[in-house]
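Remarks on the overall topology
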There are 2 protein chains.
Amino acid sequence: MPRRSDEATELRAIPITGIAEVLPGDSVADAIMAALRRQRLKLVPGDILVVKHKIVSKAEAQMVVLDRARPSPAARRWAARYKLDARVVQLALEQARRVVRRKRGVIITETSHGLVCANSGVDVSNVDGGRCAALLPADPDRAARQIHRAIKKKLGVAAPVLITDSFGRPWREGLCEAAIGVAGMKPFRDFRQRRDSHGYRLRASLEAVADELACMAGLVCGKLSRSPACIIRGFYYQAGPGSARQLIRPKSRDLFR
Amino acid sequence: MPRRSDEATELRAIPITGIAEVLPGDSVADAIMAALRRQRLKLVPGDILVVKHKIVSKAEAQMVVLDRARPSPAARRWAARYKLDARVVQLALEQARRVVRRKRGVIITETSHGLVCANSGVDVSNVDGGRCAALLPADPDRAARQIHRAIKKKLGVAAPVLITDSFGRPWREGLCEAAIGVAGMKPFRDFRQRRDSHGYRLRASLEAVADELACMAGLVCGKLSRSPACIIRGFYYQAGPGSARQLIRPKSRDLFR
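Residues numbered from 1 in each chain as written. Chains lettered and ligands numbered in written order. Predicted model: local features only at pLDDT ≥ 70, side-chain atom pairs only at ≥ 80, totals over all residues. Heavy atoms only, no water.

Some thoughts on the overall build of chain A
Regarding its fold elements, chain A presents 6 helices and 12 strands. By the burial criterion, 60% of the 257 residues in chain A qualify as buried. Within chain A, contacts between residues at least 6 apart in sequence are counted, and of these 61% link residues at least 24 apart. (Helix = DSSP H or I, 4+ residues; strand = E, 2+ residues; numbered from the N terminus. Buried < 20%, exposed > 50% of the residue type's maximum accessible area, 1.4 Å probe, protein only. Contact = heavy atoms within 4.5 Å.)

Digging into the side chain of Asp-47 of chain A
Residue and element names in this part refer to chain A. In this structure, Asp-47 sits in the loop between α1 (28-39) and β2 (48-52). A distance of 2.9 Å separates a polar atom in the side chain of Asp-47 from the backbone nitrogen of Val-44. In terms of polar contacts, Asp-47 uses its side chain to reach the side chain of Arg-233, at 2.7 Å. (Polar contact = N/O pair within 3.5 Å; in protein donor to acceptor, adjacent residues only side chain to side chain.)

Thoughts on the packing of aromatic side chains
Taken as a whole, this structure holds 4 aromatic pairs over all chains when the rule is applied. Between the aromatic rings of Trp-78 of chain B and Tyr-82 of chain B, the centroid separation amounts to 4.8 Å while the plane-to-plane angle is 55 degrees, which identifies the pairing as tilted. Of this pair, Trp-78 of chain B and Tyr-82 of chain B both sit in helix α3 (residues 73-82), 4 residues apart, which is roughly one turn of the helix. On the accessibility criterion, Trp-78 of chain B (10% relative accessible area) is buried. We classify Tyr-82 of chain B as partly exposed; its relative accessible area is 26%. Seen from their ring centres, Trp-171 of chain B and Phe-256 of chain B are 5.0 Å apart, and the 75 degrees between their planes marks the pair as edge-to-face. Of this pair, Trp-171 of chain B sits in the loop between β8 (161-169) and β9 (172-183) while Phe-256 of chain B sits in the segment after β12 (229-233), placing them 85 residues apart in sequence. Residue class for Trp-171 of chain B comes out buried when judged on its relative accessible area of 7%. The buried category is assigned to Phe-256 of chain B, whose relative accessible area is 4%. A cation over a ring is seen here: Arg-102 of chain A above Trp-78 of chain A, with NZ or CZ 5.4 Å from the ring centre. (Phe/Tyr/Trp six-rings, centres within 6.5 Å; stacked < 30°, edge-to-face > 60°. Lys NZ or Arg CZ within 6 Å of the ring centre and 35° of its normal.)

Let's talk about the sheet that holds strand β6 (residues 116-118) of chain A
Residues and elements named next belong to chain A. Taken in spatial order, the 3 strands of this open sheet run β4-β5-β6, and their pairing is antiparallel. The two strands at the open ends of the sheet, each matched to only one other strand, are β4 (96-103) and β6. Between one strand and the next, the sheet's axes are offset by a mean angle of 30 degrees, whatever the strand orientation. Taken together, the 6 bridges between β4 and strand β5 (residues 106-111) define a ladder with antiparallel strand orientation. Across the sheet, residue Ala-96 finds its bridge partner in β5, namely Thr-111. Across the face of the sheet, helix α4 (residues 86-94) comes into contact with β4 and β5 while running at roughly 130 degrees to β4. (Pairing = 2+ DSSP bridges. Axes fitted to C-alpha atoms, helices over the stretch in contact; angles between N-to-C directions.)

Thoughts on the nonpolar core
Of all hydrophobic cores here, the largest spans 54 residues; its most connected members are Ile-48 and Ile-232 of chain A together with Ile-48 and Ile-232 of chain B. For Ile-48 of chain A, the contacting residues outside a window of four places in its chain are Pro-160, Leu-162, Met-185, Leu-213, Cys-230, Ile-231, Ile-232, Phe-235 and Tyr-237 of chain A. (Core = buried A, V, L, I, M, F, W, Y, C linked by side-chain atoms within 4.5 Å.)

Section: the side chain of Lys-52 of chain A
All names here are of chain A. With respect to the element layout, Lys-52 can be found in strand β2. One polar contact links the side chain of Lys-52 to the main-chain carbonyl oxygen of Cys-221, over a distance of 3.2 Å. Sequence-distant contacts of Lys-52, defined by excluding residues within four places in its chain, comprise Thr-164, Ser-166, Glu-177, Cys-221 and Pro-228.

Some remarks on the confidence of the model for chain A
Overall, the predicted model of chain A reaches an average pLDDT of 90, with 89% of residues at or above 70. The ipTM for the predicted assembly is 0.93, set against a pTM of 0.94. (pLDDT = per-residue confidence, 0-100.)

Here we look at the packing of α1 of chain A against helix α5 (residues 140-155) of chain A
All names here are of chain A. Where α1 contacts α5, the two axes come as close as 9 Å, and the packing angle between them is 45 degrees. In terms of orientation, α1 and α5 fall into the oblique class. Crossing hand, α1 versus α5: right-handed. Across the interface between the two elements, Val-28, Ala-29, Asp-30, Met-33 and Leu-36 from α1 touch Ile-147, Ala-150, Ile-151, Lys-154 and Leu-155 from α5. (Parallel < 35°, antiparallel > 145°, perpendicular 65-115°, else oblique. Left-handed = near helix turned anticlockwise from the far one by under 90°.)

This is how it looks when you write it as structure tokens:
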């Protein structure tokens, strides 16, 4: 990467279209590389690959047939009270390590990955006509590393890989994408030891670029476009191992648990 | 905008470089248009203009000479305890409508705009060598509308305008850009009445695209690059009045106040 981080360069998000339906056991990396070939799109050094978690969950068979969920009496009561699907409530509670808030029909949980999100990330919106629910990948960092390695091996480009999900936020309306799996790059841009254009030392300036890249990808990988992955070109990232766990604030430093 | 929202198109963020130092009373729109001319960059229909709030604050003279701040005894005690600048603590408290959390040296407040953020958005990082602090613009939506109108009038392009700031988030480390001012577009992409590619009706799917666009802009408008604004090209937005206030979750629906 010959560019300097403080040089303003144009940034592009190129959607990867025509990724075939991924089935349990399939390689997500292979599906993406096949789509790149069909699209005649070449991965070049510096590119970042961003993948929506849903196709990773499908490949990992993290799918639950909703009719097989067995809602507990508590899940049924909660669902009835707020007109929710008791099966989805049950799955959300099963996937939770801890319930952070349960109020007015919204369940915010901490997942086994440490992610804090609504319904433990259980999602019925886009899976086989709603009969199934998609759970989060078992280990999104590991999934990102697998895709990263497979692509490096076959295409010779060590492109960082981000796996994303849509999260709500306290205080703000609407969902934004966030990085739940990271491989091949540091998730932050760290300005804490640097000086700005006035020579002033920048203080609390740790930028969560992995989440910003996830948001950028979210704009082209829409829920309606059949484009669950994209390439981001032109961003000067810091190469390195990196993990989405670094993006999770430790309990000891969190004011909102 | 002839494109359909569910068609995957390439997205670009083009940094606007060489914006002259903005002084109190200056027109931000004029400064941006002058930079566009120098850069030989033409605004085209469909473009979105994203501007970091700092230059808007400067133009509005929302700057405070730090030595003129008069920290209260409470602000002094808090600052001494956590090795903070008592003057900045004082300004943060003065700018707050309400303190949401004050713990371990972090002050999360609700500003007069309704924004929930650290230190009421008071920022000393990039202003005249640290001697001044920048407050948030008085009314970022109004500032966005002014830029939007001035550009429409002079260039004939009704480009939406977003004004952004960097916010921390509960549960996650690092800052991400967020839209604090919006003009000329709806801040959301609303999937609630639509069906996905499997024909399944999408439920809680309101995407905060204004915040995702802010994040994308944050990646090119770095703290160190002299590029406080950029053009985002290729995003199918919904034109309309729009306001950043729509992005603020009403108290009645918020679980974390």
